[in-house]
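One-letter residues, chain by chain:
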Amino acid sequence: MRDVAIISFAQTKHQRAVSDINEVEMLMPILGEALDGAGVKKDRVDFVCSGSSDYLAGQPFSFVMSLDAFGPWPPISESHVDMDGAWAVYEAWVKMQAGKADIALVYAYGKSSPGDIRKVLSRQLDPYYLGPLWVDPVSLAALQARVGLEAGAFSAEQMAEVAAASRRNAKANPYAQLSGDAEVAALLSEPEFVAPLRKHDCPPISDGAAVVVLAADGAARELSEHPAWIRGFDHRIEPHALGSRDLTTSVSTKQAAAKAGVGDKPVDLAELHAPFTHQELILRDALGLSDGVSINPSGGALCANPMMTAGLIRMGEAANRVTNGEASRAVAHATSGPCLQQNLVCVLEGE
Amino acid sequence: MMGSERVAIVGTGQTKHQATNDGSIAGVVRQAAERALEDAQMSWADIDAVVIGKAPDFFEGVMMPELYLADALGAVGKPMFRVHTAGSVGGSTAIVAQDLVAAGIHERVLTVAFEKQSESEAMWALSVSMPFQPPMHAGAGGYFAPHIRSYIRRTGAPDHIGILVALKDRLNALKNPYAHLHEHEITFDSVKESMMLWDPIRYSETCPSSDGACALVITNEKGGDAAASDGRPPAWVKGTALRSEPTMFAGRDQVNPRGGQECAWDVYKQAGIAHPRDEIDCVEMYVPFSWFEPMWLENLHFAGVGEGWKMVESGATQLDGDLPVNMSGGVLSSNPIGASGMLRFAEAAMQVRGQAGEHQVDGVRTALGHAYGGGSQFFAMWIVGAEKP
Amino acid sequence: MSDIQLPERLEGVEPVRSIRTFASLTYQYTPGRAASRFLKEVERKRLVGQRCPVCKKVYVPPRGSCPTDGVATEEEVELGHTGTIVSFCVVNVPFMANLMEIPYVGALIQLDGSDIPIMHLIQEVPYDEVHMGMRVEAVWVPDGEISHTLESIKYFRPNGEPDAPYDSYKENA
Ligand SMILES: [Zn+2]
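Keep in mind it's a predicted model, so treat the numbers as computed, not measured. (Residues numbered from 1 in each chain as written. Chains lettered and ligands numbered in written order. Predicted model: local features only at pLDDT ≥ 70, side-chain atom pairs only at ≥ 80, totals over all residues. Heavy atoms only, no water.)

## Points about the overall build of chain A
Move 1: On a plain count of helices and strands, chain A comes out with 12 helices and 12 strands.
Move 2: For 351 residues, the compact-globule estimate of 2.2 N^0.38 gives 20 Å, and chain A sits close to it at 19 Å.
Move 3: When contacts within chain A are restricted to residue pairs at least 6 apart in sequence, long-range pairs at least 24 apart make up 79% of them.
Move 4: With the model as given, the accessible surface of chain A reaches about 11,100 Å², and the carbon-plus-sulfur share is 50%. (Helix = DSSP H or I, 4+ residues; strand = E, 2+ residues; numbered from the N terminus. Rg over C-alpha atoms; globule rule 2.2 N^0.38 Å. Contact = heavy atoms within 4.5 Å. Areas by Shrake-Rupley, 256 points an atom, 1.4 Å probe, with all protein chains shown as cover.)

Dropping the structure here:
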């Protein structure tokens, strides 16, 4: 395996609706910022990969024009996934492992504001059995939370604690959409939104984008004093039908974590892509993270959840904290699909 | 930057491409996958990871369908990856799968690409109009017809070149049981007399709308050697390359895009090819409108600039010519969009494996698979060979 | 999979070959800063391109960035309402849901003062007389109907000027 590291990260200030600029205009400044952070010009980038979704944009081939923000001229080696940008990092990492790139740039963006996100995401479901019912992701998450609460896997108090901690952490994150101090008791006195979920159990609806730059071996050492080395990387998927899954746990996260070697050494912090409070509890358990592990110091997806991007942000946030010495070993996680159907786990380490 | 594992294609599979496939989306992708596994003499349990590609989700009306297809493709408990790079996606998807093996991450990867255009209104899905952009007046043909006109203006190519390509591809398709169009009565005159849809593109010079899927089983050197010693020759990957350039920019050459030229030289260099016309035995390229064959012959360096049409006219690209092109009948005979790029890659592999049946070209040692997408700004290519690199 | 195989006990039962799910999603698109400035000018019956600070090319309609340099296009350049056909096609497909009488001509038109062609319709000329290099002018909808959309230009028509030489537009042909 080649040594590959995240050497630069940039993100937008996430907002409920970015209505004055388009995707290209949203990406351009942070592409520049990420390249500057890596100390390279775009001509040194060997491979570019991006993550976004046509359904979110409401436009087929929506990713095509976003490439203009990078300026792919002369022609570049480039690919795109209709997945969270964390998987675009995976594709870039694979390309680097295959010896076809030394420096790669990955970006992702998601604007949920153009459409009705709950309706849009219902189009993710089995088109024959579930699609016609227009079940939305919040309702499915509520169903998962109910199963967990009934089974005693977690409590409403624990869920509220997750929300309070996330917002408290986000106070130090200038890019977060939500932050502040919230008392658990006050949160629990709020009415239910989609029972048993309260508003604080659900993510905000966000528009945002993010960019990371990856470098391998010598290039990483040349360009960064403290690269965040990728020491384990895997992703797994579970059945689509919720009835055939145990919703109180995350089997695919456990599988990916085992493959990525999460448990091999102590973990200092974890950035978990948990859009719902109970999902953070499920993920902490599936990853085997002990109480001392700092969870979502950025505030996580509960404080800014740009679709197709929130997973990539977890990787960038974790990498930043390895680079600045806050952590020597961090876990970044990304998820896709209803009720944590698909999960990606990345282990980042300093020297 | 070298040091990657050798990669072999040991199984290919595809559905019978047709206007409307009665199977479910899951059924269609699974059929192609099962055929590829059977060809590779493997079972679902042998597969380490699944890589799936398709064009816009609006074509089937299912967002991120890999989530729903995880069960049908035996991906539960495994990594499942979804690629989308416009029309070149079938090629880009195969390249991601080959990279997973080349990198030594997995030993056996199943890759699948599909489209079920009948599930939704493809014309509608392609033309969701942006209120603040110039109105698109004519669909895909209307987009590409001006480029073809520019090619004709530049090269002085006579009108019948497009007809020759369409006739050749549709006749080749008669030898391919999986091809969508089987036009037994087709003649030069019937193509010529078919309706001029987007002048200079005639109806019979246009690809159909198809439902279909394609799958490949890709393994490492050990897997390739095992297949070979079992009398099932693999196709060895000798090079892969991707290129993208902006969709529109001042002075962009859409007839002979620089991205395609550079992608081709990149893949040839990896395969140790200096003279593609002499060293490549056959080519399966992405030709959705007949005139793209002469254009791509130039773009891929098989003919000099302005000479591609002469190569077509000479018969060189016929099944019995010295550089057969689109032996399967090509995109002009079957176009399940998301799968079309992978079908080109699969045909290249089938030819070097000697598995192409009636449309097999004798003695193929080296073949090029080519895909492009968007407005000719995305390219994916691979070279496969009978000999281990 | 041309035919569905049902278990024996369902013999004679008509298989379900398709189900219809009507999906309607409404989106509100954001043109962005560059396009917004352009469209505000269209509302005033002006065509204003934007120049790239790096390569100096003038883009119309602007989309936010210079696609080759990846930088914002800022400087505004007022363009003529005339241009040159750099390529075209004659459409015989009833694509616009019968809004257009076929055959009709869609063309790539390079507006004077810009460096990239836009796609638009050519009318008021027999379709078989349209050719590369033909000089054309914009025909706007009546003043009261002009708004911030490119559909404020109904179509282009020949303006009677002699053809532009091939060399003047071949970079985009
Ligand atoms: Zn420029």
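## Observations concerning the side chain of Ser252(A)
Residue and element names in this part refer to chain A.
Move 1: Checked against the element boundaries, Ser252 lands in helix H10 (residues 251-260).
Move 2: Its relative accessible area of 0% is what places Ser252 among the buried residues.
Move 3: Setting aside residues up to four positions removed in sequence, Ser252 forms contacts with Arg236, Ile237, Glu238, Leu340, Gln341 and Asn343. (Buried < 20%, exposed > 50% of the residue type's maximum accessible area, 1.4 Å probe, protein only.)

## A closer look at the interface of chain A and chain B
Move 1: With 62 residues of chain A at the interface, the matching set in chain B holds 57 residues.
Move 2: It is Tyr55(A), Trp73(A) and Ile237(A) that lose the most area in chain A upon contact with chain B, and together they represent 13% of the buried surface on that side.
Move 3: At the surface where chain A touches chain B, the tally comes to 2 salt bridges.
Move 4: Residue Lys95(A) is joined to Asp99(B) by a salt bridge in which the shortest nitrogen-to-oxygen separation is 2.7 Å. (Buried area = accessible area lost by both parts, 1.4 Å probe. Salt bridge = Lys/Arg side-chain N within 4 Å of Asp/Glu carboxyl O.)

## Let's talk about the coordination of the zinc ion
Residue and element names in this part refer to chain C.
Move 1: The coordination sphere of the zinc ion, as far as protein atoms go, consists of Cys52 (SG), Cys55 (SG), Cys66 (SG) and Asp69 (OD), spread over 1.9 to 2.3 Å.
Move 2: Because the angles between the 4 donor atoms bound to the zinc ion fall within 106 to 114 degrees, the donor set is best described as tetrahedral.
Move 3: Positions of the donor residues of the zinc ion along the chain correspond to the pattern C-x2-C-x10-C-x2-D. Here the residue Cys55 occupies a position in the loop between strand E1 (47-51) and strand E2 (58-59), and Asp69 occupies one in the loop between E2 and strand E3 (75-79), the gap between them amounting to 14 residues.
Move 4: Since its relative accessible area comes to 29%, Cys55 is described here as partly exposed.
Move 5: Take Asp69: its relative accessible area is 23%, and that puts it in the partly exposed class. (Donors = N, O, S within 2.8 Å, 3.2 Å for Na, K, Ca; no water. Tetrahedral: all angles 85-135°; square planar, octahedral: opposite > 155°, others 65-115°.)

## Topic: the environment of Glu91(A)
Move 1: Within the secondary structure layout, Glu91(A) lies in helix H4 (residues 85-97).
Move 2: On the accessibility criterion, Glu91(A) (3% relative accessible area) is buried.
Move 3: Distance in space between the C-alpha atoms of Glu91(A) and Thr277(A) is 29 Å, their sequence separation being 186 residues.
Move 4: If near-sequence neighbours (up to four positions away) are discounted, Glu91(A) is found in contact with Phe47(A), Cys49(A), Ser79(A), Val81(A), Phe81(B) and Val96(B).

## Details of the nonpolar core
Move 1: Counting residues in each nonpolar core, the largest one holds 144 residues, and the members touching the most others are Leu214(A), Leu348(A), Tyr268(B), Phe302(B), Leu368(B) and Trp382(B).
Move 2: The contact partners of Leu348(A), leaving out residues within four places of it in the chain, are Ile6(A), Ala228(A), Trp229(A), Ile230(A), Met315(A), Ala318(A), Ala319(A), Val322(A), Ser328(A), Arg329(A), Ala330(A) and Ala332(A).
Move 3: Of all hydrophobic cores here, the second largest spans 45 residues; its members include Ala36(B), Tyr68(B), Leu110(B) and Tyr27(C). (Core = buried A, V, L, I, M, F, W, Y, C linked by side-chain atoms within 4.5 Å.)

## Examining the layout of surface pockets
Move 1: Estimates place the volume of the second largest pocket at around 1,400 Å³.
Move 2: The wall of the second largest pocket is formed by 48 residues, among which Glu60(B), Glu119(B), Ile19(C), Arg20(C) and Thr21(C) lie closest to the centre. (1 Å grid on protein atoms, 1.4 Å probe; cavity = no way out; pocket = protein on both sides within 12 Å on 5 of 7 lines; lining within 4 Å. Points joined across faces, edges and corners; volume = space filled by probe spheres on them.)

## Thoughts on the side chain of Asn176(B)
All names here are of chain B.
Move 1: Within the secondary structure layout, Asn176 lies in the loop between helix H6 (160-173) and helix H7 (188-193).
Move 2: Asn176 sits in the buried class, given a relative accessible area of 6%.
Move 3: Looking at Asn176, its side chain comes within polar contact range of the main-chain nitrogen of Tyr178, at 3.0 Å.
Move 4: Setting aside its immediate chain neighbours within four residues, Asn176 contacts His182, Ser328 and His359. (Polar contact = N/O pair within 3.5 Å; in protein donor to acceptor, adjacent residues only side chain to side chain.)

## Observations concerning the pattern of salt bridges
Move 1: This structure, assessed with the given rule, holds 61 salt bridges over all chains.
Move 2: Close ionic contact of Glu271(A) with Arg314(A) constitutes a salt bridge, the shortest N to O distance being 2.8 Å. Of this pair, Glu271(A) sits in strand E9 (residues 269-271) while Arg314(A) sits in helix H12 (residues 310-323); the two residues are 43 residues apart in sequence, bridging distant segments of the chain.
Move 3: The class of Arg314(A) is buried, set by a relative accessible area of 2%.
Move 4: The salt bridge partner of Glu161(C) is Arg135(C), with a shortest N-O separation of 2.8 Å. On the criterion of sequence distance, the pair formed by Glu161(C) in the loop between strand E8 (153-158) and helix H2 (166-169) and Arg135(C) in strand E7 (residues 135-140) is long-range, its members being 26 residues apart.
Move 5: Note on Glu161(C): relative accessible area 38%, which makes it partly exposed.
Move 6: Residue Arg135(C) is classed as buried on the basis of its relative accessible area, which comes to 10%.
Move 7: In the salt-bridge network here, residues are joined through shared partners; they are Arg6(B), Glu221(B), Asp225(B) and Lys388(B).

## Regarding the domain arrangement of chain A
Residue and element names in this part refer to chain A.
Move 1: The assigned domain composition of chain A is domain 1 (4-115 + 205-226) and domain 2 (117-203 + 229-349).
Move 2: Relative to domain 2, the C-alpha centre of domain 1 lies at a distance of 22 Å.
Move 3: With 45 residues of domain 1 at the interface, the matching set in domain 2 holds 37 residues.
Move 4: Both sides of the domain 1 and domain 2 interface together cover about 3,300 Å² of buried area, and 67% of this is carbon and sulfur.
Move 5: Taken together, the links from domain 1 to domain 2 amount to 0 salt bridges.
Move 6: Listed by contribution, the elements that provide at least two residues to the side of domain 1 that touches domain 2 are strand E1 (4-11), helix H2 (54-57), H4, strand E4 (103-111), strand E7 (207-216) and helix H9 (217-223).
Move 7: Ranked by the residues each element gives to the side of domain 1 that touches domain 2, the list is headed by E7, at 7 residues.
Move 8: When its residues are assigned to classes, the side of domain 1 that touches domain 2 shows 23 nonpolar, 14 polar and 8 charged. (Domains from an automatic or database assignment. Nonpolar A, V, L, I, M, F, W, Y, C, P; charged D, E, K, R; others polar.)

## Side note on helix H13 (residues 337-353) of chain B
Because the α-helix completes a turn every 3.6 residues, residues three or four places apart line up on one side.
All names here are of chain B.
Move 1: Here H13 spans 25 Å end to end across 17 residues, near enough to the 24 Å set by a 1.5 Å rise per residue.
Move 2: For H13, a buried count of 17 out of 17 residues is recorded, marking the element as mostly surrounded by other parts of the structure.
Move 3: Directly after H13, the chain includes Gly354, whose backbone phi takes a positive value near 70 degrees. (Expected span 1.5 Å × (residues − 1).)

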